[in-house]
Amino acid sequence: MVKVTVDGIDVDVPAGSNVLQACEAAGKEVPRFCYHERLSVAGNCRMCLVEIEKAPPKPFASCAYPVNDGMVVHTDTPMVRKARRSVMEFLLINHPLDCPICDQGGECDLQDQAVGYGGDQSRYLEPKRAVKDKNLGPLVKTVMTRCIQCTRCIRFSTEIAGVPELGATARGESMEVGTYVEKALSSELSGNLIDICPVGALTSKPYAFVARPWELKKTDSVDVLDAVGANIRVDSRGTEVLRVLPRLNEDVNEEWLADKSRFAVDGLRRRRLDTPWVRQNGKLVKADWQQAFDAIAAKAAGLAGDRIGAVAGDLADAESMLALKDLLASLGSANLDCRQDGAALDTSRRDFYSFNTSIAGIEEADAILLIGTNPRHEAPLINARIRKAILAGGVHVGAIGAKADLTYKPQWLGEGPDAIAALLAGTHPFADILKAAKKPMLILGQGALRREDGAAILAACWKLAAETGMLSADWHGFNVLHTAAARVGALDLGFASGKTLAQMLGGGVDLLWLLGADEFDTAKIGPNTFVVYQGHHGDAGAARADVILPGAAYTEKDATYVNTEGRVQRGQLAIYPPGEAREDWKIIRAFSGMIGKTLPYDTLAALRARLEQVNPVFTRVDMLPRFGCTDLTGPAGNPAAMRGDAFVPAVVNYYMTDAISRASPTMAECTAAAAPLAVAAE
Amino acid sequence: MQSVQAVPNARHPGAGRRMARDTPKGRQVTDAARQAVAALLAGRDRQRDLLIEHLHLIQDAHGRIPTDLLAALAEAMRLSFAEVFEVATFYAHFDVTDTDPPVEIRVCDSIACQMQGADALAAAIAAGTPARLQRVPCVGRCDLAPVAVVGQNTLDRATPDQVFAALAEGATQPVLPPSIDYDRYRLNGGYQTLARLRAGALTAEAVLQALDDARLAGKGGAGFPTGRKWRTVRDQPGTKLMAVNGDEGEPGTFKDRHYLETDPHRFLEGMLIAAEVVGAAEIYIYLRDEYPAARAILTAELAKLPADGPRIHLRRGAGAYVCGEESAMLESIEGKRGLPRHKPPFVFQVGLFGHPTLVNNVETLWWVRDIVERGPAWWRGHGRRDRTGLISFSVSGRVAHPGVKLAPAGISLRELIDEYCGGIAPGHTLRGYLPGGASGGILPATLADVALDFGTLEQYGSFIGSAAVVVFSQADDLRAVALNLMRFFRHESCGQCTPCRLGTEKAAALMDQPDWDWPLLQELSAVMRDASICGLGQAAPNPVLTLLRHFPEVVGA
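Residues numbered from 1 in each chain as written. Chains lettered and ligands numbered in written order. Predicted model: local features only at pLDDT ≥ 70, side-chain atom pairs only at ≥ 80, totals over all residues. Heavy atoms only, no water.

What about the overall build of chain B?
Argument step 1. The secondary structure content of chain B amounts to 26 helices and 13 strands.
Argument step 2. Relative to a compact globule of 557 residues, whose C-alpha radius of gyration would be 24 Å, chain B shows 25 Å and is just as compact.
Argument step 3. Oriented by its inertia axes, the alpha-carbon framework of chain B measures out at about 95 × 65 × 55 Å.
Argument step 4. The buried share of chain B, taken over its 557 residues, is 59%.
Argument step 5. Relative to all contacts within chain B whose residues are 6 or more apart in sequence, the contacts with residues 24 or more apart total 70%.
Argument step 6. A total of about 20,500 Å² of accessible surface is found on chain B, and carbon and sulfur atoms cover 51% of it.
Argument step 7. Counting 58 positive and 63 negative side-chain charges, chain B places the averaged centre of each group 4 Å from the other. (Helix = DSSP H or I, 4+ residues; strand = E, 2+ residues; numbered from the N terminus. Rg over C-alpha atoms; globule rule 2.2 N^0.38 Å. Buried < 20%, exposed > 50% of the residue type's maximum accessible area, 1.4 Å probe, protein only. Contact = heavy atoms within 4.5 Å. Areas by Shrake-Rupley, 256 points an atom, 1.4 Å probe, with all protein chains shown as cover. Lys, Arg positive; Asp, Glu negative; His and termini not counted. Charge placed at Lys NZ, Arg CZ, Asp CG, Glu CD.)

Given below as structure tokens:
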């Protein structure tokens, strides 16, 4: 630590910090455009000027100047003020005064800092520079005349997203930011460019001219479109969600958000179920709640408990799943499943099915093995963490599965379980890398588990983890990467008992209750099975349903989700569900009352108390204690039973994985613009 | 089921798959382009730092860089399209276009050529031939102004007829001046000092001591003590590299070209001595692309060197003045855009490819052998007005005999002109001069008797830099001179930092007005000087500020 004095305030900052960080530590605001904490230092905007004692009498760019012990910094001297005002005047020489029609207006760094540090008029009367706009695809809108050449976007795409597609062309006054030719960005993180752009050069295309930031109601929530559980802020106006932005959480998403989570929200306005429906004479007709409940009650009456089953979908929240589980128990049934893809998950121990290393823990690992997963598509934010760890250096990454461009280049060990067997046998050299590593970890994807030999693969991977030192008292390197936000919560609640989904299909049950379950082949449901679909979108499940109960999407309810790490997080209601739709747990509670099996909770608080009673992990909201692993006993399954066929990726089209993103016009455009990603050659 | 709200103009979600194209997004590389690039790169390494070299291959073969070849090059070098595109468009000598014909004629735009009628020359050429003509910044032949370049053939004191003749004959190759080759250099005692150093007969410490005693200062423009620089690099841990700055872009400067084209081995021996003393594993010579003759000579002579020393790479610049800034030059050697780096860390700590790097100017190294062999006292024996050593002045403008003039440090302009240049050009009277090229400022005739050296001109808002002296007479419009220089800086600003990117542009625009807005120009200059990252932006206002200070009557202030 070195001691630095900023405007008379002494602060201790780590050696190697820059002056700007020291100023922030002292609570002094330093204006900046190009500097960003998570990107490399460019030092090109020259806005963060400060004065340093015992240095040449000129202002210094604080972001690019390292601290020295005993350094004395002034952030507010006449020289500094004048220099900043002049730099601001320079920036505004070419920046258009189109704030009234700019979507960045109201949340613009340039606007804010011009007020704080600029003058009130310009002395430069010459015509402003105009720059042709670039086509960056369906998500990011460009107005390049507004660009102030800070190069944050270039650095983000090169460093964080790992797609070096943006560059600065030409030089001097002619310098422009763009892709090589008109080319959509091939990144799943491109929406973050909008957030890091300090001006209105890069804005959201779907959100263009939709709203002003001060008109929006902001609700902190949690994303459910993958299993990462990114922290988000839902911006809504009236009855509509207009956009979703990331919220800072260093342990989960840092300050980034994947494109699907950000842009699929227009799917919340389309194909919604806003009233109950009941099938009569083969056709679904609109009904009211009473009629819908009556139809279900009539079917349920007299059914043996074993003939009733329930399936939870990928977006289901813990509260509604628990209510449904309790409802089925009251009907005498324990036929519950959440594994729509048939993944061979072992629920006997929590660390058999969660991402035990934790997302932030990836940065500690020194060897990473990806098995049957493409994290770039299954969890872009986790992929970004892996990339971050690689960029930090000293990490070996191996991968087993279909070759793909992951934005980094792993060592491809094989396409299927043979490679796992080779590692177990020690015949592949990567086994030595794993054994030599201090903190090795493996990430097992759903693509490896949703096969007939999934249990064998799970057991083999655990064995590999145990034998290569991934499991120790202070390190747990065995990780399952889920793709469904509901999955870990469902497993925590024991929503996987009795008959499996496969056994319920084909007439295995007479009454099948689908809680937002759309991700399996509904044609396999027996023709005489009575299907109740409770959910928010008219997707596959609703099409097969005999009764439709309109539920709430994730932005429309106070709900608990458990991400792939096992982190319990809560989303909040931002807007009310449309029409007759209701929060899901309340629907189930109402139905239970109607059939005389009233569930013992009337309030969310009571339900959450029950949640904690069923599994104490639900008491740890927003907290994720990390555990080592000393019990090396593996999951049931015979590692020798693995078959030879190659792993198939769990996510084929990143932009459409669930009922919300399938209903989203923006995601449809992204799908149209996307193309087979080039296979990264070794 | 119904949608709560219809979204206008939205395609059905399922439309995505039908619309999908069967090729990946973006520009596709054609087979023809792929083969063309493969043929050019055959047998060559493809690592990233060779990007500029490879772009030269395309530019030389095609006279321009078609975008499909650029895409194929990106693919062949496993770089992203954007990276290749940004490098190609940064450098002036890469002409990225699919439609424009190749540039065949270049006419120097710089101040010395301007004074000798470059504008009229360019106009006459343009009127006489349809071949594409480009005005370019200083090509480093200011003593022979005006200069036109056909292909790589430089025509001195060019006339339109000379240009047309060269075009008609297809004379586009550089004409090599006579130079001392390897054998002759050895006959005259060359490479013996290097041999003694390598054999241990001469110690590195003795070399360093000689440099220290001679008080040799870097000849690139900053005047940093050479011995101190070598010691610092020598003391750094780990692998060390050396880079030679031959990117002599300062308008008015041509001394490095002179030495390279006359006695290249004296420079090479100095360079190898430096590498030996600091322990550099590899040497990169960065030579500006405007010097094809020097490049041809160096290429031939380097091939004659015995293979026992460090590996020597000769790298071509590509038309970027800013690459004369040492950290920008290192970026360029690494195959990137020439953006100056932030200091600290300094290049002697973290330089080329992250290694501690010794960066020296060509002329600095040229003097090493003489100082070691003749002793520091010989060097210090030169000098006037209490200054010591020798300075190679590149003299151009209104003097009778312009050229490279080796004169004692501390000489005054008047002495330099009278003793070395045959006096002022006939019919002219001295009015003012640039002591250090474009960035050194403009001084008046009343300051013709001050010592020209480091530390003597700063009090007048000026500096000697690379000793590029351009002499002006009553025939020259000093406002036009200042505007010419500012336009040069505007053209050469790398665009990285705000003060320089916008300041050079705005200053040039303000200076183009009939009445100069002095308060605004001064304030603008202050921001550029204080807040720019590198010397380019910091020094760019010097001509205008010195004009205001020394010639108030000229600018109506």
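Points about the pairing of strand S13 (residues 277–280) of chain A
All names here are of chain A.
Argument step 1. Bridge count for S13 against strand S14 (residues 283–286) is four bridges, and the pairing is antiparallel. Each residue of the ladder has a partner; that of Val278, found in S14, is Val285.
Argument step 2. Between the antiparallel neighbours S13 and S14 lie two residues, among them Asn281 with a positive phi of about 55°.
Argument step 3. Where S13 and strand S26 (residues 547–550) come together, two bridges link them in antiparallel fashion. Bridged to Val278 within S26 is Val547. (Pairing = 2+ DSSP bridges.)

What about the packing of helix H8 (residues 318–330) of chain A against helix H18 (residues 584–594) of chain A?
All names here are of chain A.
Argument step 1. Where H8 contacts H18, the two axes come as close as 8 Å, and the packing angle between them is 20°. When the axes of H8 and H18 are compared, the pair comes out roughly parallel. Helix-helix and strand crossings are classified by hand; for H8 and H18 the assignment is left-handed. On H18, the residues touching Glu319, Ser320, Ala323, Leu324 and Leu327 of H8 are Asp584, Trp585, Ile588, Phe591 and Ser592.
Argument step 2. Classifying every residue of the contact of H8 with H18 gives six nonpolar, two polar and two charged. (Axes fitted to C-alpha atoms, helices over the stretch in contact; angles between N-to-C directions. Parallel < 35°, antiparallel > 145°, perpendicular 65-115°, else oblique. Left-handed = near helix turned anticlockwise from the far one by under 90°. Nonpolar A, V, L, I, M, F, W, Y, C, P; charged D, E, K, R; others polar.)

Quick look at the pairing of strand S15 (residues 308–312) of chain A
Residue and element names in this part refer to chain A.
Argument step 1. Most of S15 is tucked away, with five of its five residues classed as buried.
Argument step 2. Neither face of S15 is open: one carries Ile308, Ala310 and Ala312, the other Gly309 and Val311, and all of them are buried.
Argument step 3. Judged from the five bridges that link them, S15 and strand S24 (residues 511–515) form a sheet pairing that is parallel. Paired with Val311 across the two strands is Leu514, which belongs to S24.
Argument step 4. Bridge count between S15 and strand S16 (residues 336–337): two bridges; the pairing is parallel. By the bridge assignment, Val311 is partnered in S16 with Asp337.
Argument step 5. Tracing the backbone out of S15, into H8 and back to the parallel element S16 gives a crossover that is right-handed. (Right-handed = clockwise from strand over helix to strand, strands pointing away.)

Quick look at the sheet that holds strand S3 (residues 49–52) of chain A
Residue and element names in this part refer to chain A.
Argument step 1. Read from one edge to the other, the open sheet built from five strands follows the order S2-S1-S5-S3-S4, with strand pairing classed as mixed. Strands with a single pairing partner mark the edges of an open sheet, and in this sheet they are strand S2 (9–13) and strand S4 (60–61).
Argument step 2. Across two bridges, S3 lies against S4 in antiparallel orientation. The residue bridging Leu49 from the neighbouring strand is Ala61, located in S4.
Argument step 3. Across the sheet, helix H2 (residues 78–94) lies against S3 and strand S5 (71–74), angled at about 155° from S3, the strand it touches most.

Let's talk about unusual backbone geometry
Argument step 1. For the peptide bond that leads from Ala145 of chain B to Pro146 of chain B, omega is -5°, which places it in the cis range.
Argument step 2. Assignment of secondary structure puts Pro146 of chain B in the loop between strand S2 (132–136) and strand S3 (148–150).
Argument step 3. For the bond running from Lys343 of chain B to Pro344 of chain B, omega is -5°, close enough to zero to count as cis.
Argument step 4. Positive phi, normally seen in glycine, also occurs at Ala170 of chain A, with a value near 60°.
Argument step 5. One non-glycine residue, Thr407 of chain A, adopts positive backbone phi at about 80°.
Argument step 6. Take Thr407 of chain A: it is sitting in the loop between strand S18 (396–400) and strand S19 (411–414).

Thoughts on the confidence of the model for chain A
Argument step 1. Scored by pLDDT, chain A comes out at a mean of 93, with 98% of its residues at no less than 70.
Argument step 2. The low-confidence segment residues 676–682 of chain A (pLDDT under 50) makes 14 contacts with residues lying over four places distant or belonging to another chain. (pLDDT = per-residue confidence, 0-100.)

Remarks on the environment of Ile52 of chain A
Residue and element names in this part refer to chain A.
Argument step 1. Residue placement: Ile52 occurs in strand S3.
Argument step 2. On a C-alpha basis, the gap between Ile52 and Ser62 in space is 9.3 Å, while along the polypeptide they are 10 residues apart.
Argument step 3. Look past the residues within four positions of Ile52 in its chain and what remains in contact with it is Val19, Phe60, Tyr65, Met71, Val72 and Val73.

Some points on empty space enclosed by the protein
All names here are of chain A.
Argument step 1. Counted by the stated rule, this structure contains 11 cavities of 30 Å³ or more.
Argument step 2. Considering only enclosed or pocket space, the largest cavity measures out at about 150 Å³ in volume.
Argument step 3. If you go around the largest cavity, you meet 20 residues; those closest to its centre are Leu315, Ala316, Leu515, Gly516 and His536.
Argument step 4. Considering every element that reaches the lining of the largest cavity, the biggest residue donor is strand S25 (residues 530–535), with three residues.
Argument step 5. Its residues assigned to classes, the lining of the largest cavity comprises six nonpolar, seven polar and seven charged.
Argument step 6. Put simply, the second largest cavity is a space of about 130 Å³.
Argument step 7. If you go around the second largest cavity, you meet 19 residues; those closest to its centre are Cys147, Cys153, Val177, Ala201 and Leu202.
Argument step 8. At the level of secondary structure, the elements contributing two or more residues to the lining of the second largest cavity comprise helix H4 (152–160) and strand S8 (176–179).
Argument step 9. A breakdown of the residues in the lining of the second largest cavity according to their chemical character gives 13 nonpolar, four polar and two charged. (1 Å grid on protein atoms, 1.4 Å probe; cavity = no way out; pocket = protein on both sides within 12 Å on 5 of 7 lines; lining within 4 Å. Points joined across faces, edges and corners; volume = space filled by probe spheres on them.)

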